[in-house]
Every structure is written in structure tokens, then in C-alpha cells.
Amino acid sequence: METTTIKEKTKTLTGAEAVVKCLLEENVNLLFGYPGGAIMPVYDALYGYEKQLRHVLVRHEQGAIHAAQGYARATGKVGVCIATSGPGATNLITGLADAMADSTPVVCITGQVHSHLLGSDAFQETDMIGLSTTVTKWNTQAVRAEDIPAALAKAFYIARTGRPGPVLIDITKDAQFGKAEFRYEKCKGLRSYVPYPKVDMEKVRQAATLINKAKRPFLLFGQGVVLGGAEKELKSFLEKTGMPAAGTLLGLSALPTDHPQHAGMLGMHGNYAPNLLTNYCDVLIAVGMRFDDRVTSDVNRYAKQAKIIHLDVDASEINKVVKCDLPLPGDCKETLHLLRLAANSNDHSAWVDEFKKLRSVEYEAVIEKEFFPENSALSMGEALRLLNETKSPDTILVTDVGQHQMIASRYFKFETCRSQITSGGLGTMGFALPAALGAKMGAPERDVVAVIGDGGFQMTIQELATIAQEKTNVKILLLNNNFLGMVRQWQELFFDKRYSHTEMQNPDFQTLAKGFGIASKKVTERKELKGAMQEMMSSPSAYLLEVVVEKEENVFPMIPAGAAVDEVRLC
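Position labels on residues start from 1 in each chain and follow its written sequence. For a predicted model such as this one, the threshold for reporting local features is a pLDDT of at least 70, and the threshold for listing and counting side-chain atom pairs is 80 or more; totals across whole chains, interfaces and linings nevertheless cover every residue. With hydrogens and water stripped out, all remaining heavy atoms of the structure feed into the side-chain values.

Draft legend 1. Representation of the overall build of the protein in the model. Summing up its helical and strand segments, the protein has 23 helices and 22 strands in all. For this measure, only C-alpha atoms enter the radius of gyration; the expected value for a globule follows 2.2 Å times N^0.38, where N is the number of residues. For the protein, whose C-alpha radius of gyration is 24 Å, the value lies close to the compact-globule estimate of 25 Å for 571 residues. Viewed in the frame of its principal axes, the protein has a C-alpha envelope of about 70 × 65 × 40 Å. We call a residue buried when its accessible area falls under 20% of the maximum for its residue type, exposed when it is over 50%, and partly exposed in between, using a 1.4 Å probe and counting protein chains only. Per-residue burial over the protein gives 59% buried out of 571 residues. Across the protein, the fraction of contacts at a sequence separation of at least 24, relative to all contacts at a separation of at least 6, is 77%. Roughly 22,600 Å² of accessible area belongs to the protein as shown, and the carbon and sulfur atoms make up 51% of that amount. Within this scheme the basic residues Lys and Arg register as positive and the acidic residues Asp and Glu register as negative, but His and the chain ends are omitted. All charge positions are set by atom: Lys at NZ, Arg at CZ, Asp at CG, Glu at CD. Taking the average location of the 62 positive side-chain charges in the protein and that of its 66 negative ones, the two points are 5 Å from each other. Only DSSP runs of H or I reaching four residues or more are called helices, and only runs of E reaching two or more are called strands; each is numbered from the N terminus. The contact definition used throughout considers only heavy atoms, calling two residues in contact when any of these lie within 4.5 Å. Note that accessible areas follow from Shrake-Rupley with a 1.4 Å probe, and for residues the cover is restricted to the protein chains shown.

Draft legend 2. Geometry of the domain arrangement of the protein. When cut into domains, the protein gives domain 1 (4–182), domain 2 (201–355) and domain 3 (372–548). Where a domain begins and ends is set by an automatic assignment or by a domain database. Each of domain 1 and domain 2 was reduced to a C-alpha centroid, and the two centroids are 37 Å apart. Summing both partners gives a buried area of about 590 Å² for domain 1 against domain 2, and 52% of it is carried by carbon and sulfur. When the buried area of domain 1 at its contact with domain 2 is split by residue, R73, D102 and R163 rank highest and sum to 68% of it. A pair is scored as a salt bridge if a Lys or Arg side-chain nitrogen falls within 4 Å of a carboxyl oxygen belonging to Asp or Glu. The interface formed by domain 1 and domain 2 holds 2 salt bridges in total. Two parts placed together each lose some accessible area under a 1.4 Å probe, and adding up what both lose gives the buried area.

Draft legend 3. Representation of the sheet that holds strand β13 (residues 262–265) in the model. Between any two strands, pairing holds if DSSP finds at least two bridges. One open sheet accounts for 6 strands, arranged β13-β12-β11-β14-β15-β16; its pairing is parallel. At either end of the open sheet lies a strand with only one pairing partner, and these are β13 and β16 (326–329). The mean angle between the axes of side-by-side strands here comes to 15°, regardless of whether they run parallel or antiparallel. Taken together, the 5 bridges between strand β11 (residues 217–221) and strand β14 (residues 283–287) define a ladder with parallel strand orientation. What sits directly across from L220, in β14, is A286. For helices, the axis comes from a line fit to the C-alpha atoms of the stretch in contact; other axes are also lines fit to C-alpha atoms, and the angle between any two N-to-C directions lies between 0 and 180 degrees. Sheet contacts for helix α9 (residues 201–213): β14, β15 (307–312) and β16; angle to β16, the most-contacted strand, approximately 130°.

Draft legend 4. The environment of R73, seen in detail. Along the polypeptide, R73 turns up in helix α3 (residues 61–75). The exposure class of R73 is buried, given its relative accessible area of 5%. In this structure, the C-alpha to C-alpha distance between R73 and F372, residues 299 residues apart in sequence, is 33 Å. When neighbours within four sequence positions are excluded, R73 is seen to be in contact with D102, T104, Q223, L250, R418, Q420, I421, T422 and F431.

Draft legend 5. View of the pattern of salt bridges. Per the stated rule, a full pass over the model turns up 24 salt bridges. Here E146 and R144 are joined by a salt bridge, their closest N and O atoms 3.3 Å apart. Overall, E146 belongs to the partly exposed group, its relative accessible area being 41%. In this structure, R301 and D298 form a salt bridge, with 2.8 Å as the shortest nitrogen-oxygen distance. Each of R163, D314, E317 and K320 takes part in one network of salt bridges that share partners.

Draft legend 6. Inspection of the packing of aromatic side chains at higher detail. For this analysis, a ring pair means two rings from Phe, Tyr or Trp (six-membered ring only for Trp) whose centres lie within 6.5 Å, classed as stacked if their planes differ by under 30 degrees, edge-to-face if by over 60, and tilted for the remaining angles. All told, the structure shown has 11 aromatic pairs when counted by the stated rule. Here the aromatic cluster, defined as three or more aromatic residues joined through ring pairs, consists of F218, W351 and F355. The ring centre of F412 lies 4.7 Å from the NZ or CZ of K391, which sits over that ring. Ring-over charges, as used throughout, are those where CZ of Arg or NZ of Lys falls within 6 Å of the ring centre and within 35 degrees of the ring normal.

Draft legend 7. Here's a closer look at helix α17 (residues 403–411). Counting buried residues along α17, 9 of its 9 residues qualify, which places the element largely inside the surrounding structure. Taken residue by residue, α17 has Q403, H404, Q405, M406, I407, A408, S409, R410 and Y411 as its buried positions.

Draft legend 8. Molecular detail of the packing of helix α15 (residues 349–371) against α17. In the contact formed by α15 and α17, the axes pass within 13 Å of each other and the chain directions differ by 110°. Put simply, α15 runs roughly perpendicular to α17. Listed contacts from α17 to E362, V366, I367, E370 and F371 of α15 are I407, R410 and Y411. Asp, Glu, Lys and Arg are counted as charged, while Ala, Val, Leu, Ile, Met, Phe, Trp, Tyr, Cys and Pro are counted as nonpolar; the rest, among them Gly, fall into the polar class. Within the contact of α15 with α17, the residues separate by chemical class into 5 nonpolar, no polar and 3 charged. Roughly parallel means an angle under 35 degrees; roughly antiparallel, over 145; roughly perpendicular, 65 to 115; everything else is oblique.

Draft legend 9. Molecular detail of the confidence of the model for the protein. Values of pLDDT, the confidence the predictor places in each residue, fall between 0 and 100. Confidence in the prediction for the protein averages 96 pLDDT; 98% of positions are at 70 or higher. Note that pLDDT drops below 50 for residues 1–8; the model gives that stretch 23 contacts with residues more than four away or on any other chain.

Draft legend 10. Main features of unusual backbone geometry. The omega angle of the peptide bond from F556 to P557 is 0°, so this bond is cis rather than trans. Mapped onto the secondary structure, P557 falls in the segment after β22 (543–548). The phi angle at D121 is positive, at roughly 60°, despite the residue not being glycine. Tracing the backbone through its elements, the reader meets D121 in the loop between β6 (106–112) and α6 (128–132).

Draft legend 11. Fine view of the sheet that holds strand β18 (residues 420–421). The strand order across the open sheet built from 6 strands is β18-β17-β19-β20-β22-β21, with neighbouring strands paired in parallel fashion. Each edge of the open sheet is held by one strand with a lone partner, namely β18 and β21 (519–523). Of the pairings in the sheet, the one linking strand β17 (residues 396–399) to β18 comprises 2 bridges and is parallel in character. When the bridges of β18 are listed, V398 appears paired with I421. With respect to the sheet, helix α18 (residues 432–442) is in contact with β17, β18, β19 (448–453) and β20 (475–480), its orientation differing from that of β19 by roughly 175°.

Draft legend 12. Expanded view of the nonpolar core. In terms of nonpolar packing, the biggest core is built from 67 residues, with L284, L387 and L477 touching the most fellow members. With 6 residues, the single largest contributor to this core is α15. Here this core spans two domains, and each of domain 2 (201–355) and domain 3 (372–548) adds at least three residues to it. Residue contacts for L477: discarding those within four places in its chain leaves L387, V449, A450, V451, I452, M533, M536, L545 and V547. In plain words, nonpolar cores are sets of buried Ala, Val, Leu, Ile, Met, Phe, Trp, Tyr and Cys residues tied together by side-chain atoms within 4.5 Å.

Here's what the structure looks like:
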């Protein structure tokens, strides 16, 4: 392991003290956690470090890791969370899986029983290495105090480099109590781990030749652009080549929504034009996206007419789902820059106009009716329209999972990078509230709006207490249709309206908000909505705005399961 030694006098510290010192060496100043017996020595070591290392006491360990994810996604830094052994540690598993699916850099530290008790089914013992192996980029267990600094150095390096991801370090209680000489060496590289593949310049030239000859080139951008900090390179490449582009759910804020070449969102509930015209382009350039099944639908009928160029930092994603003609592994900040240099300036305005024409079709068939519904019931779309009219340009959107997620992602006006935070690959209900907490604490200068459905809200509603205790100014837009809306939509369309266990009897959310000390308002009438939205956004503290929307509203466009992307439905 190549390392850089920090020059300081060697000290003898307990393992728990070493954990704290390591976090400080990695410039961590915020962590989310919940104490318990097996991690108590670390919590004791944190005592007195409040100014250098702020600890946020969540109300459930799942809230800790989702908050760490929100922090990481908003800042680009590594999020950190901490939990005790047994149920405390296992409560992190959903968040680990979520972070793994969405390439979020998180370091999780869990306590463990004494090393001599390992494998004995001791109280609150769980094999976290075995449990977390498939949902972490790397994990390890420290059973000696002297092992802790190297383990943490490696953890932070692996979490943040290449394709980011979650890492877990399980530390036995005797390792926390034990003493060892402390010297922290930041990890700068690992043998056999190559986070950034070397770019093949011949492949770059071949890709540029394909792009230069294309009549209907189309670029798909994913979260890899954001993770690689390549937003400027993407914009420059598009403006030189003149081609249209569309974003995956997680990639949306990599390019401003109002950019003239931005064609919208891809996927099952994405925009009409980019889905339909994927199967009409002649060259498809995929940047930092993994051809998720929600984007490709029937992969056997996906872009068969096109030459495909795939740029990704993770070479294992290339040719995994969709066979490409030109693989370009590497850091997309570098590969996009090199491609731009090699590509010709082109005028594809007629091709871009094809997308705009289909956007007009979608507006007339779907969007206008959602923005300005004719019936008395409020729609999710008009709530998002008014949010756009009220929000500041650098507002961060955090969404949960379901109909509201698709509506918000389709209609929110992304103006600044790192503005889209949602659970994409895993689709974790309950993600938004704690993630919004973490995002706001990571970017306190930016407004953070959590758009949540009534189902997901109740999964982590206890984190309202954390938001209140930390005095975190999170705005919560609750779109309440008294249903598990996305499941209900599928039941309506594909199960003959047999609404099996999807209608919800919800609590009085205003009473709950008041109990947590959070201001709130409930809107049921259209005439009240704009003023309530302005009141929420101007509030100096956390605010819950509940908007009661149409119970059986559906989200369109939609690609039915098993259909091809050009079989997208408008109704």
C-alpha cells in the first residue's frame, strides 16, 4: 500500500481514541449515529470533540446511513455513520444496499462483541462481514487496536475513489479498549486496485469518428457525470457536437433542465421523446450510466439500430447489459474532454427539433393536464409547478420512492449540479426524510426540499425528531393521496383495479409535526396552494406542507413492463 505519513509524534491511544483521530485526519466534521453497548468506547472517545466532530443522534440506524448518503450526494464528500452491534448494525443493511446500487461513498463503523466471543452467538453478535459482503464495495473487521488506523485509511480511499461506494468497518469491543501506538497514514493506492482505468486514445479517435459521421447522435448521461465532477465537460461536449441528450433518474442535475439540448428524463416514467427516439438514433453515447433495466426495458429491442459508445469509470459495467461497439473505460471527466477535442463541431438542430416536437406532444397529452388540472382535486404536477415558481435556483430536491418521485424528477427545474438526491437502484421507501437531513447539514447554504409520499414518509417519520433537535431547516412537501400510489397504479392497469392492501388510513400529520415541534400546514384547496408553498419556502425553520392530491392519479408517460422503449404510453 502506497502511503503518505503524517509527521507527528507517535502517541499511544486506545482503539476508540484512534477511531476519532482517524476521522479527524480524514477531515470528517460530521457523522450520524446511534450509540449502544458494543460501540460505547468510541462514543466515550467522542466526548469533548463536539466542535471538531459534530455527531447527529438519529432515531433509527437506517436514518443514520440515509443521512450519510444525503450528505455525500450533496457535498461529494464521504458520508460517515456509526452504529452498535447486532440490531444496530443490521439496521444499516438497507442503506448499504442503497448506497451500493447508487455508488454513494459512505464509511460505516459498527461495534462488535469482544473478539473471544466471535462465533459464540453472544448477546447482540451478528456476522456483519458476512451480511454486508454483497452490499459493500469493501468491508473488514478490526480485532486489534493497532489494526484500526490502516483499516480506516483504506476504507476512506476505497469509498471515494473510482466508482464510489459504501465501506463497512466492524470493530470488536476489545479492539476499542486496547491500546497501541498511533500514526495515521493516508492511503494513496492499493496494489491490484485500479480505480481509474487508463484511457485508450485509439478508442477515443474511433469514437470521435463515429460521432462525426452520425446523422442522429444521442447522448445519455447518468450519475457518473456528477460523481466524476464532469458537468462542465458534458456541457462543452454537447455544445460542440450539437447533439441532444437525456438523463437517467440519478443523472438529471448534471445538465440544467432548460439547456436547449436537454431532452428530458429516460426510463419507465421518463419523458416521451428520449424514450421513443432511443430506437431511432444512429449513434448512442452512454456516459456514466449502467443501462439499468428501467432505462432499457426489453434489452433485446433496445437501440439495435445504433452504434453504441459507452464511457464509464467501472469497466465491469461495459458490455454487462448492452453490448457496445466502442468501450471507453476511464474517468468521464477525462474521456469527455478528450472526445470533445477529437470531435467536430456539428449542426444537429433538425434532429434536436424532433425531440422538441415530441415534447410538445407530451405537453399537450400529459403535462398540461397535470400542471393545470380541470377537476377540483389537486395534482402532484401542479404542486411541482408551483414549487418551481417559488424555489431558489440552487435548491436541492430529495425524493422518496413512488409516483411523487417520478413526478418530481420529471418536473423539477434543475439549475445547479448536485441538486438531485433520490434512491434509484434500490428504490428505498423511507429514504428521503433522513437523506434531506444529511443534505441540508452538508450544504446549509442551499435550500433542501424533500418531496415525499404518505407511505414512505411514515417509514422514517421518527427522523422529524432529529431534524427538530438539530434545528435543521428542511422543507418537506408531502404529497398525500392516501394510497401506496405506484403499487395502486399497477393494480389499476395490470390487475383489474384489485386494490389489494394499498389504501392507507393515515394519521393527522399536522398533529404529529406539532408533537415534534415542526411548523406545518395542510392544503386541500387549489386557492391555498401557492401561498402555502411560499410560506414553506420562506420559513426560517423546518416546515411540513401536506398537499392532499387526487387519490387515483396515474403517472404517464409509462413503458409497460416487458415493452420496448419506443412503445412508451402517454395514457
